[in-house]
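Residue strings, one per chain:
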Amino acid sequence: MSEAPSDRGTALPRVVAIDGAAGSGKSTLAKSLAEALDLPYVNTGLMYRALAAAALRAGVAPDDERGLLELLRALRFIVRVEPPGELEIEGFGPPELTSVEVESTVSLVASHPVVRMHMRKEQRGLGEAHGAVMEGRDIASVVFADAPVKLYLLARPAERAARRAAERQGERDAIGRELEVRDERDARINPHEPTADAVVIDTSDRRPAETLEAALAAIRDRAPGLLP
């Protein structure tokens, strides 16, 4: 479980919520934005990936809601704050969390309402503790619907596939097909749509530095108090 408290205050949380499709540049932006704002970076997708990896280790089927819930209760999510760091999940590292097996099951693992409810509680606690730049599904719409800044990234499918291929040293066409399948699966569970108050940024033709500047401009406009 997380190391963060969950008592809510009356002030707006020091959270920037980022959503968008896979390959739209969420992680790249979130990391650089967290550094610019001196805030922890929380990739909530890794939390679901850790649960999928735990299920694979334990032989728990991705449609076994009760079994998944037991595994979830044993996971420990940690965010370093001095200096601000990234989300860590005890016992799990990047190679396992980005494996083909995890990639193929994470959407199904994340589809269970009870699992999502528990994850949302963990995510809320992590963000409330010390603030965060937090990316992932449900963050802007549910977990931090009160976030002072919400960013929604989009990009052309071909650009998304190219980025993922570069990240994972894969073949672009194959990864493009995987993204299409994932988009269709995600759309049935939790459609990709920006909230009404989100700032939408098309990253298709933007370099990472340009996307960061667009995000900082939104923060200067909507929540300048987040700036260091």
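Right above here is the structure, for reference.
Residues numbered from 1 in each chain as written. Predicted model: local features only at pLDDT ≥ 70, side-chain atom pairs only at ≥ 80, totals over all residues. Heavy atoms only, no water.

Participant: I would appreciate a short explanation of the pattern of salt bridges in the present structure.
Facilitator: Opposite charge on two side chains lets them pair, provided their charged atoms get close. Going through the model one piece at a time under the given rule, you end up with 14 salt bridges. Across the pair Glu96 and Arg57 runs a salt bridge, and its minimum N-O distance is 2.7 Å. Highlighted residues: Glu96 in helix H4 (residues 94-97) and Arg57 in helix H2 (residues 45-58), separated in sequence by 39 residues. For Glu96, a relative accessible area of 27% translates into the label partly exposed. A salt bridge links Glu210 to Arg207; its shortest N-O distance comes to 3.4 Å. Take Glu210: its relative accessible area is 32%, and that puts it in the partly exposed class. (Salt bridge = Lys/Arg side-chain N within 4 Å of Asp/Glu carboxyl O. Helix = DSSP H or I, 4+ residues; strand = E, 2+ residues; numbered from the N terminus. Buried < 20%, exposed > 50% of the residue type's maximum accessible area, 1.4 Å probe, protein only.)

Participant: Please explain the environment of Val16 as it appears in this structure.
Facilitator: Within the secondary structure, Val16 sits in strand E1 (residues 15-20). Each residue touching Val16, except ones within four places of it in the same chain, is listed here: Leu33, Leu37, Ala132, Val133, Met134, Val149, Leu151, Ile219 and Leu226. (Contact = heavy atoms within 4.5 Å.)

Participant: How do you make sense of helix H6 (residues 113-130) when you look at a structure like this?
Facilitator: In an α-helix there are 3.6 residues to a turn, and that puts residues three or four apart on one side. Helix length check: H6, at 18 residues, gives a terminal C-alpha distance of 27 Å against a target of 26 Å (1.5 Å per residue), a fit within 8%. Backbone geometry just downstream of H6 places Gly131 in the positive-phi region, at approximately 80°. (Expected span 1.5 Å × (residues − 1).)

Participant: When you look at helix H1 (residues 26-37) in this model, what are you seeing that I'm missing?
Facilitator: Taking 1.5 Å of rise per residue, 12 residues should cover 16 Å, and H1 covers 16 Å from first to last C-alpha, within 8% of that figure. For H1, the set of buried residues is Lys26, Leu29, Ala30, Leu33, Ala34 and Leu37. Down the axis of H1, the buried side of the element spans an arc of 125°, and every buried residue falls inside it. Against E1, strand E2 (41-43), strand E5 (132-135), strand E6 (149-154) and helix H10 (208-222) lie the buried residues of H1. (Arc of directions from axis to C-beta.)

Participant: Is there a simple way to think about the nonpolar core in this case?
Facilitator: Side chains that are nonpolar tend, in soluble globular proteins, to be buried together. Membership of the largest hydrophobic core comes to 37 residues, with the highest contact counts inside it found for Leu51 and Phe77. The contact partners of Leu51, leaving out residues within four places of it in the chain, are Leu68, Leu71, Leu72, Leu75, Val109, Val115 and Met119. Grouped together as the second largest cluster of nonpolar side chains are 22 residues, Val16, Ile18, Tyr41 and Val149 included. (Core = buried A, V, L, I, M, F, W, Y, C linked by side-chain atoms within 4.5 Å.)

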